[in-house]
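# Structural features, examined
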Number of protein chains: 2
Amino acid sequence: MKRHVFFISDRTGITAENLGASLLTQFPDIDFQRTNIPFVTNEEAAHTAVATIRSQTQGKEAPIVFSTLTDMKVQAIITDSSPYVFDLFGTFIDPLENALGMVSSHKAGKMHGIGDTEAYEKRVHAVNFTLGHDDGLSLRNLEEADIVLIGVSRCGKTPTCLYLAMQYSLKAANYPLVQDDLENSTLPPALSRCRSKLYGLTINPEQLSRIRHERRPTGEYSQLTRCQWEVSRAEKLLREEDIPFIDTTTVSIEEIAATAGRDMGLR
Amino acid sequence: MKRHVFFISDRTGITAENLGASLLTQFPDIDFQRTNIPFVTNEEAAHTAVATIRSQTQGKEAPIVFSTLTDMKVQAIITDSSPYVFDLFGTFIDPLENALGMVSSHKAGKMHGIGDTEAYEKRVHAVNFTLGHDDGLSLRNLEEADIVLIGVSRCGKTPTCLYLAMQYSLKAANYPLVQDDLENSTLPPALSRCRSKLYGLTINPEQLSRIRHERRPTGEYSQLTRCQWEVSRAEKLLREEDIPFIDTTTVSIEEIAATAGRDMGLR
């Protein structure tokens, strides 16, 4: 069973897509065909969007439309495009005005006004720090890090660090546990000095083997026995050193990052 | 004027925060104090969350609570925490069930089930490609890239590439225009070969000077006259080569990425 879904917004559409996608996961039996129409900032753009929706869904079941539009005139045009328009923004604005005892500004683009420069620079600084401290690239200035992820190669450290930097502006370093660390069950001195910032990632060995196989199909690196040894030694080390850790096998990068942030009291 | 705001979710809270934050920007005069309470997956966690909300807002104005909870029993407990609870999820589930002619599964954690492994690997592959092609690090395999951002140093290329990779699983390379390129107003041969993938970023020279100053306070690199020269030469080159470009001065990374994706027909 198929159904067209459109995400309409006056900005990037990420908010509409996020909430829309999480609502749609509640209907796993339907095959949703998704189209994102961002930057619908005026009535002309809204008419163009409606024309797109109509042309793609003609003769089919009425589409589902999720919108996050701040301009009510623009929203009104979109509302005509289908009997099933979900106004994710407008639905809450009136009750929110009541709760706050204040009329809202009803303006798009308020998210990145004055004062955001500082936030932007903090974010870019975090990203640069994170890039400079990926994969144990540098163990210098680790005391500057907000968090240091450790784990075996390919368990999800790099994307999680980048997400922590991009989403939460956290300076996230990571260090891959190597043969010596695993054999001796000890942390390198540079890491021992920032113990309170260490957070471990672990993973199911079968999954690890599969992921490594993608990258390097031959050799010991991707062999299941090798992965089993590395993971069991890594978990032993994490437990002995009393470092909190998470199993990343079935968890998304967003959730690993949010869990790490919560466990480390960083949010 | 201050007001407490809580974001309650059974996952990471990112959806609640995104939509909640964009609603709150409509009330610029209020100083919102935000608390994120993620992973509220059962009734016990909900009671703990309510206790947290009550303890932080006792004797103050009733807080604003945004929630995205799939379990209605858990939601019911949160609903009691304030007269101003905005159920971002439940509000739309009933009408969505009507639109789709189907009962929803009402289960949390549906977002990362079977089939997501492929999406995860595509994403990690994009992130790795992007990391390997940051800052002109490698001009090899550029034909594999989905998009190649070009512009002067510090105009936003790196974070935008990372966002394109993390959010949209796009292989995003970037190349900083250097002295030779700017003086000769020509593209290096490696870039000429992937012209259709080139997308330019430009920036206001004053802003650029300020950003560079943060990084390297002395020397020509951050001087305004230098930044003015680089930006004007870069824009001349982009125009001559007919490469689409965006001014990043007042635009967020999310929006630069979404705009580039749209302009290049990548979404």
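Because the structure is a prediction, the values reported are computed rather than measured. (Residues numbered from 1 in each chain as written. Chains lettered and ligands numbered in written order. Predicted model: local features only at pLDDT ≥ 70, side-chain atom pairs only at ≥ 80, totals over all residues. Heavy atoms only, no water.)

All right, on to the overall build of chain A then. Helix and strand counts for chain A come out as 11 helices and 8 strands. Compactness check: chain A gives a C-alpha radius of gyration of 24 Å against a globular reference of 18 Å for 267 residues, more than 25% above the reference. For chain A, the spread of C-alpha atoms along the principal axes amounts to about 65 × 45 × 30 Å. Counting all 267 residues of chain A, 55% fall into the buried class. In chain A, once contacts between residues fewer than 6 apart in sequence are set aside, the share between residues at least 24 apart is 69%. (Helix = DSSP H or I, 4+ residues; strand = E, 2+ residues; numbered from the N terminus. Rg over C-alpha atoms; globule rule 2.2 N^0.38 Å. Buried < 20%, exposed > 50% of the residue type's maximum accessible area, 1.4 Å probe, protein only. Contact = heavy atoms within 4.5 Å.)

Residue and element names in this part refer to chain A. What the 4 strands build is an open sheet, ordered S2-S1-S3-S4; its pairing is parallel. Two strands bound the open sheet, and with one partner strand each, they are strand S2 (31–37) and strand S4 (84–87). The average angle at which neighbouring strand axes cross in this sheet is 20°, direction not considered. Pairing of strand S1 (residues 2–9) with S2 involves 7 bridges; the strand directions are parallel. Residue Ile-8 lies in a different strand from S2, and its bridge partner there is Ile-37. (Pairing = 2+ DSSP bridges. Axes fitted to C-alpha atoms, helices over the stretch in contact; angles between N-to-C directions.)

Residue and element names in this part refer to chain A. Tracing the sequence through the fold places Ala-51 in helix H2 (residues 43–57). Judged by its relative accessible area of 44%, Ala-51 falls in the partly exposed class. Expressed as a C-alpha distance, the spacing of Ala-51 and Ser-81, which sit 30 residues apart in the sequence, is 8.4 Å.

So, on to the relation of the copies chain A and chain B. Comparison of the two chain copies shows a relationship of rotation about an axis with a shift along it. Of the transformation superimposing chain A on chain B, the axial component is 0.0 Å and the angular component is 180°, with the fit at an RMSD of 0.1 Å. Taken together, these values place the two copies in the relation of a two-fold axis. Of the C-alpha atoms belonging to chain A, the one lying closest to the rotation axis is found on A:Thr15, 3.5 Å away. Comparing interface residues between copies, 100% of those in chain A also lie at the interface in chain B; the contact surface is shared. (Least-squares fit on C-alpha atoms with pLDDT ≥ 70 in both.)

So, on to unusual backbone geometry. One non-glycine residue, A:Asp242, lies in positive phi territory at about 60°. Mapped onto the elements of the fold, A:Asp242 is located in the loop between helix H10 (224–240) and strand S8 (245–247). Within the chain, B:Ser169 stands out as a residue other than glycine whose phi angle is a positive 55°. Looking at where B:Ser169 falls in the secondary structure, it is placed in the loop between helix H6 (157–168) and strand S6 (172–176). A residue is classified by how much of its surface remains accessible, and B:Ser169, at 16% relative accessible area, is buried.

Splitting chain A by domain gives domain 1 (2–112) and domain 2 (116–263). One C-alpha centre belongs to domain 1 of chain A, the other to domain 2 of chain A; they are set 38 Å apart. (Domains from an automatic or database assignment.)

So, on to the packing of helix H4 (residues 90–100) of chain A against helix H1 (residues 14–24) of chain B. A packed helix pair is summarised by two numbers, namely the angle formed by the two axes and the spacing between the axes. Close contact between H4(A) and H1(B) brings their axes to 10 Å; oriented N to C, the two are set at 60°. As far as their axial angle goes, H1(B) and H4(A) are oblique. The handedness of the crossing between H4(A) and H1(B) comes out as right-handed. Each of A:Phe92, A:Ile93 and A:Leu96 in H4(A) lies in contact with H1(B), whose residues at this interface are B:Leu19, B:Leu23 and B:Leu24. In terms of residue class, the contact of H4(A) with H1(B) is made up of 6 nonpolar, no polar and no charged. (Parallel < 35°, antiparallel > 145°, perpendicular 65-115°, else oblique. Left-handed = near helix turned anticlockwise from the far one by under 90°. Nonpolar A, V, L, I, M, F, W, Y, C, P; charged D, E, K, R; others polar.)

Those residues of helix H4 (residues 90–100) of chain B that sit buried are B:Phe92, B:Ile93, B:Leu96, B:Glu97, B:Ala99 and B:Leu100. The arc enclosing the buried residues of H4(B), seen along the axis, measures out at 160°, which places them on a common side. On its buried side, H4(B) packs onto S1, helix H1 (14–24), S2, strand S3 (64–68), S4 and H4 of chain A. (Arc of directions from axis to C-beta.)

Let us look at the sheet that holds strand S5 (residues 147–151) of chain B. Residue and element names in this part refer to chain B. One open sheet holds the 4 strands; their spatial order is S6-S5-S7-S8, and the pairing between them is parallel. Each edge of the open sheet carries a strand with a single partner, namely S6 and strand S8 (245–247). Strand-to-strand, the axes of this sheet are offset by a mean angle of 25°, without reference to chain direction. With respect to the sheet, H6 is in contact with S5, S6 and strand S7 (198–202), its orientation differing from that of S6 by roughly 170°.

This part covers the interface of chain A and chain B. With 78 residues of chain A at the interface, the matching set in chain B holds 79 residues. Summed over both sides, the interface of chain A with chain B buries roughly 7,000 Å², with 69% coming from carbon and sulfur. Applying the counting rule to chain A against chain B returns 6 salt bridges. Across the salt bridge formed by B:Glu121 and A:Arg210, the nearest N and O atoms sit 3.5 Å from each other. Our count for the contact surface shared by chain A and chain B stands at 10 residue pairs in polar contact (both at pLDDT 80 or more). (Buried area = accessible area lost by both parts, 1.4 Å probe. Salt bridge = Lys/Arg side-chain N within 4 Å of Asp/Glu carboxyl O. Polar contact = N/O pair within 3.5 Å; in protein donor to acceptor, adjacent residues only side chain to side chain.)

Residues and elements named next belong to chain A. Tallying each qualifying case throughout the model produces 1 cavity of 30 Å³ or more. In this structure, the largest cavity spans a volume of roughly 40 Å³. Lining the largest cavity are Val-152, Cys-155, Leu-201, Thr-202, Ile-203, Val-231, Ala-234, Glu-235 and Leu-238. Those elements that place two or more of their residues in the lining of the largest cavity are strand S7 (198–202) and H10. Tallying contributions element by element places H10 first for the lining of the largest cavity, with 4 residues. Classifying every residue of the lining of the largest cavity by side-chain character gives 7 nonpolar, 1 polar and 1 charged. (1 Å grid on protein atoms, 1.4 Å probe; cavity = no way out; pocket = protein on both sides within 12 Å on 5 of 7 lines; lining within 4 Å. Points joined across faces, edges and corners; volume = space filled by probe spheres on them.)

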